[in-house]
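Examining the three-dimensional arrangement
Single-letter residue listing:
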Amino acid sequence: MEGDNNGELTAVEEPSITRSEPWFEDGNIVVITERTAFCVHKAQLARQSEVFAGMFTITQPTASDISTFEGRDVVHVHDAVEDLKNLLTALYDGVDFNSRNLDDFLYLAGIARLSTKYMIHQLRQRAIRYLISINPVTHERYKEWAAEAISREKAQEDGEPWPYVHSSLIIRLAKDINAEFLLPCAFYRLTLSQPKHNFETYIGTRSRSLLSSQEMFKYVIMDEHMRMSLLAFVRGLSDNRDTFLSKDCESMEGDNCYEAFDKVLEYAKTTMVLKGPLRGPDGAVRRVIQFLRDKCKPTACSPCTRLFIASAEESRRAIWDQLPGYLGLPGWAELIPEEYK
Ligand SMILES: [Zn+2]
């Protein structure tokens, strides 16, 4: 008798709990958060999540618990309804991550947070793999990322250029999911935008997270280092001018090529004052390379152009390699977990 009426009684006791999808009629566990209930299968949850698996083996609901809902065992959690709904759906249907707008990122962030919290390893790994495609951890991917960002420079969603997520949200997420390796690129990107854009516009909206004073301190340090890297690169164009001249130089006594290098230096000085989504030292080096290759008059000969580009690419690499250190983190090789290298 007691067992028969169990569900009915509970429904009366907790009238304001509403059902939501996913809701499987043959499910045997009801997960409730913020008075919203989802009905799924213990086996499905336990198979993928160490935390749920642990809960089901330890917690044996007794008659004294009001731990049933419509006759099924209940687990109470404290997650945002939308995030939990997305997570449970993902456990059945899989995930499809995108970066078309801020909502796509918030979906990804929700999955990343909850798959970390509930130790759902495969899903967490998938989320992080996607995250490092839009917030790179290798210089190779960063170069592709930058090229893609340039090709989409004009497109904006929620005031943010592609991939439509402000760095502050990535910094917050990295902390929540213990993924420090996301920080160097996020802080670096922060230094590419105007402080007004970072810290004034959109504040208090879902598209920005407030940085802690410690994070602000890191931002200031990173910004300072980026300005110094940029200055060092431009100064190097003048100081190392002779080293750009190839021993196979094809121009008469190198005259043409030296003149080209001077033009490049002049051009580089004008890029230093720029600030914007694709600037910073890496952007400046990239633009300088492009200028020498495509626009500079006179043109440098091929051997000198090659030598110059190789040297400039080395500078890009060095700038990237130094990013983690500016945040007090170990170098990239140590920072990135094996599975994401
Ligand atoms: Zn030459």
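About the thresholds
- Per chain, residues are indexed from 1 in the order of the written sequence.
- Where totals are concerned, whole chains, interfaces and linings use all residues; where local detail is concerned, this predicted model gives features only for residues with pLDDT of at least 70, and gives and counts side-chain atom pairs only at 80 or more.
- Helical segments are the DSSP runs of H or I of at least four residues, strand segments are the runs of E of at least two, and each set is numbered from the N terminus.
- Restricting the calculation to C-alpha atoms gives the radius of gyration, and the globule rule supplies 2.2 Å times the number of residues raised to the power 0.38.
- Labels follow a simple rule on C-beta atoms placed from the backbone: if 20 or more others lie within 10 Å of a residue's own, it is buried; if 12 or fewer, it is exposed; otherwise it is partly exposed.
- This entry defines residue contacts through backbone-placed C-beta atoms, with two residues in contact when those atoms are within 7 Å.
- Either an automatic procedure or a domain database provided the assignment from which the domain bounds are taken.
- Ten residues, namely Ala, Val, Leu, Ile, Met, Phe, Trp, Tyr, Cys and Pro, are considered nonpolar, four, namely Asp, Glu, Lys and Arg, are considered charged, and the remaining ones, Gly among them, are considered polar.
- One less than the number of residues in a helix, times 1.5 Å, gives the span that helix is expected to have.
- Two strands make a pair as long as DSSP finds a minimum of two bridges between them.
- Between N-to-C directions, angles span 0 to 180 degrees; the directions come from axes that are lines fitted to C-alpha atoms, helices contributing only their stretch in contact.
- In these notes the angle categories are as follows: under 35 degrees is roughly parallel, over 145 is roughly antiparallel, 65 to 115 is roughly perpendicular, and the rest is oblique.
- With the far helix as reference, a near helix turned anticlockwise by less than a right angle produces a left-handed crossing, and one turned clockwise produces a right-handed crossing.
- Residues of type Ala, Val, Leu, Ile, Met, Phe, Trp, Tyr and Cys that are buried and joined through C-beta atoms within 7 Å form what is called a nonpolar core.

As recorded in an unreviewed UniProt entry, the protein goes by the name BTB domain-containing protein, listed as coming from Rickenella mellea.

Description of the overall build of the protein
Helices and strands together make up the secondary structure of the protein, namely 15 helices and 7 strands. Taken over C-alpha atoms, the radius of gyration comes to 27 Å for the protein, far larger than the 20 Å a tight globule of 341 residues would show. Referenced to the eigenvectors of the C-alpha coordinate spread, the extents of the protein come out at roughly 105 × 35 × 30 Å. Taken across its 341 residues, the protein has 33% of its residues classed as buried. Contacts spanning at least 24 positions in sequence make up 66% of the contacts within the protein whose residues lie at least 6 apart.

What about the domain arrangement of the protein?
You can read the domains of the protein as domain 1 (2-79), domain 2 (91-217) and domain 3 (225-326). Listed by partner, the interface residues are 9 residues for domain 1 and 7 residues for domain 2. For the side of domain 1 that touches domain 2, a count of residues per class yields 4 nonpolar, 3 polar and 2 charged.

So, helix α13 (residues 280-295)
If you check α13, its first and last C-alpha atoms are 21 Å apart, about what 16 residues at 1.5 Å a residue would give, namely 22 Å. Where α13 is concerned, the buried positions are G280, P281, D282, G283, A284, V285, R286, V288 and L292.

Focus: the pairing of strand β2 (residues 29-33)
Regular strands show a simple pattern: their side chains alternate between the two faces of the sheet. In terms of burial, β2 is a largely internal element, 4 of the 5 residues being buried. Judged from the 5 bridges that link them, β2 and strand β3 (residues 36-40) form a sheet pairing that is antiparallel. By the bridge assignment, I29 is partnered in β3 with V40. Turn length for the β2-β3 hairpin, with the two strands adjacent in sequence and antiparallel, is 2 residues, and the turn residue E34 shows positive phi of about 40 degrees. Pairing between β2 and strand β5 (residues 72-76): 4 bridges, direction parallel. By the bridge assignment for β5, V30 is matched with V74.

Considering the sheet that holds β5
Strand order in the open sheet made by the 5 strands is β1-β3-β2-β5-β4, with mixed pairing throughout. Looking at which strands have only one partner, the edges of the open sheet turn out to be β1 (18-23) and β4 (68-69). Where helix α4 (residues 81-93) meets the sheet, it contacts β1, β2 and β3, and its direction lies at approximately 10 degrees from that of β3.

Let's talk about the packing of α13 against helix α14 (residues 302-326)
Between α13 and α14, the shortest axis-to-axis distance is 9 Å and the interhelical angle comes to 170 degrees. Compared by their axis directions, α13 and α14 come out roughly antiparallel. Counting all contacts with α13, which are made through P281, D282, V285, V288, I289, L292 and R293, the residues of α14 involved are T305, F308, I309, A312, S315, R316, I319 and W320. Grouping the constituent residues of the contact of α13 with α14 by class yields 10 nonpolar, 2 polar and 3 charged.

Quick look at the packing of helix α9 (residues 183-192) against helix α11 (residues 213-239)
Two packed helices can be described by the angle between their axes and the distance between those axes. In contact at an axis separation of 9 Å, α9 and α11 are set at 70 degrees when each is read in the N-to-C sense. By the angle between their axes, α9 is roughly perpendicular relative to α11. For the crossing formed where α9 meets α11, the hand is right-handed. Of the residues in α11, those touching α9 at F187, Y188, L190 and T191 are K218, Y219, M222, D223 and M226. Each residue belonging to the contact of α9 with α11 can be placed in one class, and the counts come to 6 nonpolar, 1 polar and 2 charged.

Quick look at the nonpolar core
One finds V31, A112, A174, L182 and A186 to be the most contacted residues of the largest nonpolar core, which totals 77 residues. Look past the residues within four positions of V31 in its chain and what remains in contact with it is F38, V40, V75, V77, L84 and L88.

Looking at the pairing of β1
For β1, the buried fraction is low: 0 of the 6 residues fall into the buried class. Direction of pairing for β1 relative to β3: parallel, over a ladder of 3 bridges. Residue pairing across strands places R19 opposite A37, the latter belonging to β3.

Quick notes on the environment of V51
Within the secondary structure layout, V51 lies in helix α3 (residues 50-58). By C-beta crowding, V51 is classed as partly exposed, having 14 other C-beta atoms within 10 Å. In this structure, the C-alpha to C-alpha distance between V51 and P184, residues 133 residues apart in sequence, is 30 Å. For V51, the contacting residues outside a window of four places in its chain are Y118 and M119.

What about unusual backbone geometry?
Cis rather than trans, the peptide bond between E21 and P22 has omega equal to 0 degrees. As for its position among the elements, P22 is in strand β1. Omega for the bond connecting W162 with P163 falls within 30 degrees of zero, at 0 degrees, which places this linkage in the cis form. Turning to its location among the elements, P163 is positioned in the loop between β7 (160-161) and α8 (167-176). The phi torsion at E34 lies on the positive side, around 40 degrees, for a residue other than glycine. Using a count of 12 C-beta atoms within 10 Å as the deciding quantity, one classes E34 as exposed. Its identity as a non-glycine residue notwithstanding, R35 has a phi of 60 degrees, on the positive side. Position of R35 among the secondary structure elements: in the loop between β2 and β3.

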